[in-house]
Amino acid sequence: MKVLKFGGTSVGSVESILNVKIIVESQTDTVFVVVSALGGITDKLIEIGKLAEGGNEEYKEQIKQIEVRHEQLIDAVIDDKNKKESLLQTVRALFEELKSICQGVYLIRELSQRTQASVVSYGERISSRIVATMIDGAKWFDSRDFIKTDGFELAEEETKLLLKTTFPKTMDAKVRVVPGFISSDASTGETTILGRGGSDYTASIIAATLKADVLEIWTDVDGFMTADPRVIPHAYAIKELSYVEAMELCNFGAKVIYPPTIYPVYAKNIPILIKNTFNPEAIGTIIRSRVDANEKAIKGISSISNTSLINISGPTMVGVVGFSMRIFRCLAHNNINVIMVSQVSSENSISIVVRDDDAVYACQCLNNEFEPNIKSGAMNEIKAERGLAAVAIVGDNMRHTPGIAGKLFGTLGRNGISVIACAQGGNETNISFVVEGNQLRKSLNVIHDSFFLSEYQELNLFITGVGTVGGSLIEQIHQQQEKLKREMGLKLNVVGIASGHKAMFNRDGLQLDNFREQLAKADDSNIKRLRDEVIGMNIFNSVFVDCTASAEVSSLYKRFLSHNINVVAANKIAASSDYENYSELKAIAQKRGVKFLFETNVGAGLPIIRTINDLRNSGDKILRIEAVLSGTLNFIFNKISAEVPFSETVRMAKAEGYSEPDPRIDLCGKDVMRKLVILTRESGYKINQEDVEAHLFIPQSFFDGTIDAFWKNLPTLDADFEKRRQALEQQEKRWRFVAKYEDGKACVSLQEVDKSHPFYHLEGSNNIVLLTTDRYKQHPMLIQGYGAGASVTAAGVFADIMSLAK
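Source: prediction; values computed, not measured.

J.: Could you clarify how one ought to interpret the sheet that holds strand β21 (residues 502–505) in this entry?
T.: The strands making up a sheet are joined through hydrogen bonds of the backbone, oriented either antiparallel or parallel. In spatial order, the strands read β22-β21-β20-β19-β23-β24-β25; together these 7 strands make up an open sheet with mixed pairing. Of all strands in the sheet, those bounded by a partner on one side alone are β22 (523–524) and β25 (596–597). As judged from the 4 bridges shared by strand β23 (residues 542–546) and strand β24 (residues 566–569), these two strands associate in the parallel manner. The residue bridging Val543 from the neighbouring strand is Asn566, located in β24. Taken strand by strand, helix α15 (residues 468–488) contacts β19 (457–464), β20 (490–498) and β23, and its axis lies near 155 degrees from that of β20.

J.: Explain the sheet that holds strand β12 (residues 285–288) to me, please; I cannot follow it from the model alone.
T.: If you trace the 8 strands from one edge of the open sheet to the other, you get β3-β6-β2-β1-β9-β11-β12-β10, paired in mixed fashion. With one partner strand each, in any of the chains shown, β3 (138–140) and β10 (240–242) form the two edges of the open sheet. Taken over all neighbouring pairs, the strand axes of this sheet differ in orientation by 20 degrees on average, direction set aside. The sheet contact formed by strand β1 (residues 2–6) and strand β2 (residues 31–35) spans 5 bridges and is parallel.

J.: What exactly am I supposed to notice about the nonpolar core here?
T.: Within soluble globular proteins, side chains that are nonpolar tend to cluster in buried spots. One finds Ile447, Phe646, Leu667 and Phe697 to be the most contacted residues of the largest nonpolar core, which totals 102 residues. When residues of this core are assigned to their parent elements, the largest contribution, 6 residues, is made by helix α25 (residues 670–682). In this structure, Ile447 is in contact with Ile298, Ile301, Val391, Ile393, Leu408, Leu412 and Phe433, ignoring residues within four places of it in sequence. The next biggest cluster of nonpolar side chains, apart from the first, holds 50 residues, and it includes Val35, Val91, Phe95 and Ala132.

J.: Looking at this model, I keep getting lost on the pairing of strand β26 (residues 622–628). Mind explaining?
T.: Every other side chain in a regular strand lies on the same face of the sheet, so the side chains alternate between the two faces. In terms of burial, β26 is largely enclosed, as 5 of its 7 residues are buried. Bridge analysis of β26 against strand β30 (residues 766–773) gives 6 bridges, and the strand direction is antiparallel. Of the residues in β30, the one forming a bridge with Ile622 is Thr773. Two strands pair when backbone bridges link them, and β26 and strand β28 (residues 733–742) are joined in this way by 4 bridges, in the antiparallel orientation. By the bridge assignment for β28, Ile625 is matched with Tyr741.

J.: Explain the pairing of β20 here, please?
T.: Extensive coverage of β20 is indicated by the burial of 8 of its 9 residues. With 8 bridges joining them, β19 and β20 adopt parallel strand pairing. Its bridge partner lying in β20, Gln457 is registered against Leu490. In this sheet, β21 lies alongside β20 in antiparallel orientation, the contact comprising 3 bridges.

J.: What is the right way to look at a positive patch on the surface in this model?
T.: On the surface, Lys160, Lys164, Lys169, Lys211 and Lys268 cluster together into a positively charged patch. Within the element layout of this structure, Lys169 appears in the loop between α6 (156–166) and β6 (175–179).

Cut-offs applied
- Residues numbered from 1 in each chain as written.
- Predicted model: local features only at pLDDT ≥ 70, side-chain atom pairs only at ≥ 80, totals over all residues.
- Heavy atoms only, no water.
- Pairing = 2+ DSSP bridges.
- Helix = DSSP H or I, 4+ residues; strand = E, 2+ residues; numbered from the N terminus.
- Contact = heavy atoms within 4.5 Å.
- Axes fitted to C-alpha atoms, helices over the stretch in contact; angles between N-to-C directions.
- Core = buried A, V, L, I, M, F, W, Y, C linked by side-chain atoms within 4.5 Å.
- Buried < 20%, exposed > 50% of the residue type's maximum accessible area, 1.4 Å probe, protein only.
- Patch = residues over 30% accessible without salt bridge, like charges linked within 9 Å, V, L, I, M, F, W, Y side chains within 5 Å.
- Areas by Shrake-Rupley, 256 points an atom, 1.4 Å probe, with all protein chains shown as cover.
- Salt bridge = Lys/Arg side-chain N within 4 Å of Asp/Glu carboxyl O.
- Lys, Arg positive; Asp, Glu negative; His and termini not counted.
- Charge placed at Lys NZ, Arg CZ, Asp CG, Glu CD.

Geometry only, nothing functional implied.
Okay, here's the thing in C-alpha cells:
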C-alpha cells in the first residue's frame, strides 16, 4: 500500500490535476491520495476571514472568485455529465456553508481560532471532492472522521484506532481520497487543522499507522535540491537523504515537505519519496534510514532570508543557572520561534536568530523580562541586528570528518563574506551560520561550488582591455571552455568585458563567439562604472583581468583586492609603481586570502616570476639577476645588418607589432627598467624605478621632440650604428640590452656579448633570464623563450587564471 500526497500546485490547474489523474490511475497497489487545497486558496480563505472580521464586504467578492475558479476546474476535468452535476451540487452546498460562516463573522466582528480553522478547511474539503470524482474507482473519505486532535495537538492514540477501524485491510476501494490538513476535536467534533503544511502530516500519519510501503510527496520540484534553484540555477535534485538530513534541511528553510511529516514515518522506518507532478519521469529524492555511501561531505544547503540576530549579553549571566530558561520561556510564551542559537563558552552572551517580522517584538519581550537587570547595568539593552540571512550546510558525512568547518569558513572568508554568528550541533550533521542579507546569494554559490555540489567549479572573470592581448585571451578562453568543463570540471564564466569606451556585464555569463559585436552595442563605460559594476555584482570566485596599459585601471586594484576580488594583470604599472603601493597590494591580497598575479609583466608567457617565487619559498636566495627582457630591442639588434640599417629595424619592429606605437617607449629602456624592478622586488629586495641606473644608447634629444621629428631624424644614427656593428662583427660579438641587479645595484644598458655568453645566441624577440642563487652559483638557472607577442602573453595571463582555479 502506498500513500500519495499532492500539494496545492499539483491540483492548482487543469494541466496539473490531470497529471494527478494519470499518476494515480497508473498505480497497481492500493493507494491513499491525500490532497491539499488548490494553489493559493488557503491564503485566500485566511484573507476572507480577516475581511469578514474587519467588517469589509469585499469578502463576498473573494468567495465568489474562488467559487468560480473551482467550478471552471470541474467543468474542464470532469467529462461525465451526471458526475459533474452531482459534484457541482456538493461544491455549491459547501460554498453556501462557507458564506454562512463568514456572514456570522461579519455580523459579530469576531473570528475565533476554531472559526478560522473551519473557514480554511473548505479548501481541502472541496479540492479532495474534485479529485475523488475525477479518478476512476476512487472513494472519498472525510479525514475529520479519523484524524483527531486534542485542541490543536494530534490525539495520537484515538487517531490510530480510528484509522485502523475506518480502513480495514479487507476494504475494497483501491483509491481512497482524503482531504489533507483538516481534522476534528476528539471531544467536541469541531473542525480543527494540523497547521500550515498539514497535508504532508496527514499523509504521514496515515502511512505510519497503516504501515504503508512508501509515502510519496508529489510537488512541483524534482526533489530536495542541493540549494535554492532560484539562487543557484545549476542546483540539482539529491537522489537520497537520511531522515536526519531531511529533517535538518526542512527545519532550516527547505520547503519541500512540512517538517513534522518526517517523524511518524521515521519511527516506522517507512521511506519517503519526493516526486514532481509536472515531471513524473524524474527519479526524485528518496528519504530513508540508511543511504548509500556518498563521497561528498555535504548533501545540501538550506537558507532563510530576512532574519535578525538578537544578542543578549551581560556580566551577570556567567554561571547563573536558569538564565537561558528565562530567555526561551519568554520567547515561547509570546509565540516567537527561534531559528538558531549561538552561545560563547564564557557564558556572558547568547545570540538568537529570529525572523525579521518577530525581531522588534522579541526585543520588547526580552527587555521587559530582564528590565531590572538592564536598569542596574548588570545586562545590556537587548537589540536586534536586522536584514541578515541564516544558512545551513547539511550532511551525514560531515560527522567525524576533519576540516569541514575550516573549509567552509575559509571559503567564505576568501570571498569576502563575514560570518556574524555560527552554531554546530553535537551530531555534526549541520553547521549553521549568519551573514549579511546582501551576501546570501554569494554565500550559497561559493559553498555550492567549493563542496562540489555543482557540476562544475566556477571562476567568474571580468576582462578589461580587448586589444591584441585581451582579444587573444578571450579567444583562447572561448576555445578551451568546453574542454575545461569536460576534462577538469571547471567553468570559466566571463561575466564582464570592457574596452576603453564600452562595457558589458552579465552575472550568468557572456557569449564569447561574437563579443566584439556585442561590445560595440553595449553601454558607454568609464573607470567609475567599471569599478561599480565589478564590485556591485558581488559574485563569488571573481577575478579581475587587466589586459590594458592604463594607470587608471591599475588604480582600481586596491579596491578590488579589498573586496576579495582576485587580480590578474598583464598591465605592468601597479607591480612597478612606488614600492609602498606595490607592497600594500601584496599585503591586502595576503590578508584577504586572494591573489594578485602578474606573471606576464616580465617575459610574456615565460614562468619567470613563478620560478623566482618557488626558489624563495623553498629557502633559496636570489643573488644576481641578468636578463634580456625587451623582445622589441632584441628583435632590433638581431635584425640590424649591412643591408638593414638601424632606423629600418626600428620601423620593422613597429610594423610587425613588436614595439609600442611610439617606439621611443622601448628605445628609452623604461619598459626594461619596469621589468627589472618587478623581478628585483619579487626576489625580495626593496627598489623603485628611480633606483635603476639607465644608460641610453640613443641621444636624449630623440626622446624630447615629436614622434614625427623622431622618425625624420632617426636615419642620422645609421652610420654610427653601422660603424660600431662592423667592429662588433669582427670581434664576433653582438649587442644585447641587458638588465642587471646585484649587490643592491640595478642598471639597464646596451652591452656587447661574445660567443661564450648565453645571451649571444638569443634569437628574434626572445627573452632570457639568468638567476644566480645560493643553490645556483656556479651554473646560474636559465629561463629562455618567447618574450613578446599577443598570443604568448595571453597564454601567460590564461595560466595565471588557471592557477587560481587550482
